[in-house]
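The primary structure of each chain is shown beneath.
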Amino acid sequence: MNIFDTTVMLEAIQNEALPPLFLKGRYFSNVDKFDTHQVAIDRVLDRGLRVVPHSHASSGGANIGVQGYETAFYMPPELAPKIPTSAQAYLDRTAGEAIGGSLSPEERAAKKLGQDLARLSDSISRTEEKMVAEALFNGEVTFTGEGFAPSNNKVVFWAEDAQKPVTEVTKKWSTNTTTADAILGQIDDASLTMVKAGGIAPSDIVMSSKTYNQFLARLAKATDLNTDVANITPLSVDQADAGARIRGVLGALNVITYDGVFEDLDGTVKQFVPDGCALLANSRAKTMFAYGAVDTAQNGQVVIVAGERVPVSYVVQETAQRVVQVKCRPLPIIGRYGDFHVLKNLL
């Protein structure tokens, strides 16, 4: 068995890599893999809230038309991190040279390769989570790297101010004079806006722990926030491991804090959920996480491969060094603007 075969490496990724992080896993669980470089972005224009008339037996039914939507095609830029791997070295040893355990050289090589691939896949997962956070909190996904200019470095979901599901609050949660009623009113107004815009009510309100502490301080004397664990449906283990916690229930809303972080390209550590913001969301929102196909070289030919993670391996002739690489073309897509709402200026 050739452990550097794409099919074998793909299995290694699935066995070793971490699951999706919180925002992607909870709100973009619908995954679609395209067999072309481009992905289709369907945006719903008709809210689908109309009722239909009753039909007389002689009428044959009422024509309500086709739900309005627009489709755009976009080729997501490729993510293709790579690292040199020492897995080959384990294969080059003889059985007598393998020390420190009962694994064969082939088993040691496979384990090392799986670890290297998982490291690459996990770095992609954090990039995907960053893209999801940008889509949810900013209404756009920005691409960074060589060759990108302001004219071609983003996909915008909120094209017009009227479409922006954002409320800039005037009464900050960090201000002692802001009452619990004022905060609950802000949340209720945003929730109502979601229902009117998309026909879906929020099930969650997501914020950082710093924002939650101010939220809790204002609601300390209110009875609306239920923190009794008996009334709370816990998050999955994967979501909890990513740094998300359900702190309580506010009416019909799960109050969730998410403190996951990433290291940006400039070396600074940032939060996926910014301080001073709160996201109203529903896991049943009309979203999709799309993957365009990537190019790989196989037997001297370029082959287009569809997938969430496409591992490849090659040897650099100049250094005789084996390199492993994971490729993908990811893009989070919000299909209906009203399915999320962001409260900003809270702190």
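One can find the structure itself at the top, above this paragraph.
These numbers were taken from a predicted model, which means no experiment stands behind them.

Asker: Which residues make up helix H5 (residues 180-198), and what values do they have?
Answerer: A rise of 1.5 Å per residue sets the reference length of H5, with its 19 residues, at 27 Å; its end C-alpha atoms lie 27 Å apart and thus fit the reference within 8%. Where H5 is buried, its residues meet strand S8 (204-207), helix H6 (209-218), strand S10 (244-250), strand S11 (253-258), strand S14 (278-281) and strand S21 (341-344).

Asker: Tell me about unusual backbone geometry, and please be specific about residues and values.
Answerer: Of note, the phi angle at asparagine 345 is positive, near 65°, even though the residue is not glycine. Tracing the sequence through the fold places asparagine 345 in the segment after S21.

Asker: Tell me what's going on with the pattern of salt bridges, and back it up with residues and numbers.
Answerer: Taken as a whole and assessed by the stated rule, the structure comprises eight salt bridges. Note that arginine 309 and glutamate 128 form a salt bridge whose closest N and O atoms lie 3.0 Å from each other. Of this pair, arginine 309 sits in the loop between strand S17 (301-305) and strand S18 (310-316) while glutamate 128 sits in helix H4 (residues 105-138), placing them 181 residues apart in sequence. Neither arginine 309 nor glutamate 128 differs from the other in exposure class; each is buried. Among the ionic pairs, aspartate 264 bridges to lysine 270, the shortest N-O distance being 2.8 Å. Because the salt bridges share partners, they merge into one network encompassing Lys24, Glu128 and Arg309.

Asker: Got a sec to walk through the side chain of arginine 247? Specific residues and values, please.
Answerer: Structurally, arginine 247 is set in strand S10. We note that arginine 247 is buried and unpaired, the nearest opposite charge coming from aspartate 259 at a distance of 5.0 Å. Side-chain polar atoms of arginine 247 contact the side chain of threonine 257, separated by 3.1 Å. Ignoring sequence-local partners within four residues, the contact set of arginine 247 consists of Ser209, Tyr212, Thr227, Ile232, Val255 and Thr257.

Asker: Let's hear about the environment of arginine 245: which residues, and what values?
Answerer: Secondary-structure assignment places arginine 245 in strand S10. Residues in contact with arginine 245, not counting those within four places in the same chain, are Leu235, Val255, Ile256 and Thr257.

Asker: Describe H6, listing the residues and the values that go with them.
Answerer: By the burial criterion, the buried members of H6 are Ser209, Thr211, Tyr212, Phe215 and Arg218. If you follow the buried residues of H6, they end up packed against H5, S8, strand S9 (225-226), S10 and S11.

Asker: So, the sheet that holds strand S15 (residues 287-292): which residues are in play, and what are the values?
Answerer: On the basis of which strands lie adjacent, the open sheet formed by three strands has the order S1-S15-S20 and mixed pairing. Among the strands making up the open sheet, the edge pair consists of strand S1 (31-33) and strand S20 (329-334). The average undirected angle you get between the axes of adjacent strands in this sheet is 25°. Pairing analysis gives six bridges linking S15 to S20, with the strands arranged antiparallel. Residue phenylalanine 289 lies in a different strand from S20, and its bridge partner there is proline 332.

Asker: If you had to explain the side chain of arginine 322 to someone new, which residues and values would you point to?
Answerer: The residue arginine 322 is located in strand S19 (residues 321-327) in this model. A polar side-chain atom of arginine 322 sits 2.7 Å from a polar atom in the side chain of serine 313.

Asker: Go over the sheet that holds strand S7 (residues 166-168), please, and point to the residues and values.
Answerer: What the seven strands build is an open sheet, ordered S7-S21-S14-S8-S11-S10-S9; its pairing is mixed. The open sheet has two edge strands, S7 and S9, and neither has a second partner. Sheet analysis places S8 next to S11, joined by four bridges and oriented parallel. Of the residues in S11, the one forming a bridge with isoleucine 205 is valine 255. Its contacts with the sheet place H5 against S8, S10, S11, S14 and S21, and it is angled at close to 155° to S21.

Asker: Which residues make up the pairing of S18, and what values do they have?
Answerer: Both faces of the sheet carry side chains from a regular strand, because those side chains alternate between them. Bridge analysis of S18 against S19 gives seven bridges, and the strand direction is antiparallel. Bridge pairing in S19 places valine 316 opposite glutamine 321. Linking S18 to S19, which pair antiparallel, is a turn of four residues; within it alanine 320 sits at a positive phi near 55°.

Criteria and cut-off values
- Residues numbered from 1 in each chain as written.
- Predicted model: local features only at pLDDT ≥ 70, side-chain atom pairs only at ≥ 80, totals over all residues.
- Heavy atoms only, no water.
- Helix = DSSP H or I, 4+ residues; strand = E, 2+ residues; numbered from the N terminus.
- Expected span 1.5 Å × (residues − 1).
- Contact = heavy atoms within 4.5 Å.
- Salt bridge = Lys/Arg side-chain N within 4 Å of Asp/Glu carboxyl O.
- Buried < 20%, exposed > 50% of the residue type's maximum accessible area, 1.4 Å probe, protein only.
- Lys, Arg positive; Asp, Glu negative; His and termini not counted.
- Polar contact = N/O pair within 3.5 Å; in protein donor to acceptor, adjacent residues only side chain to side chain.
- Pairing = 2+ DSSP bridges.
- Axes fitted to C-alpha atoms, helices over the stretch in contact; angles between N-to-C directions.

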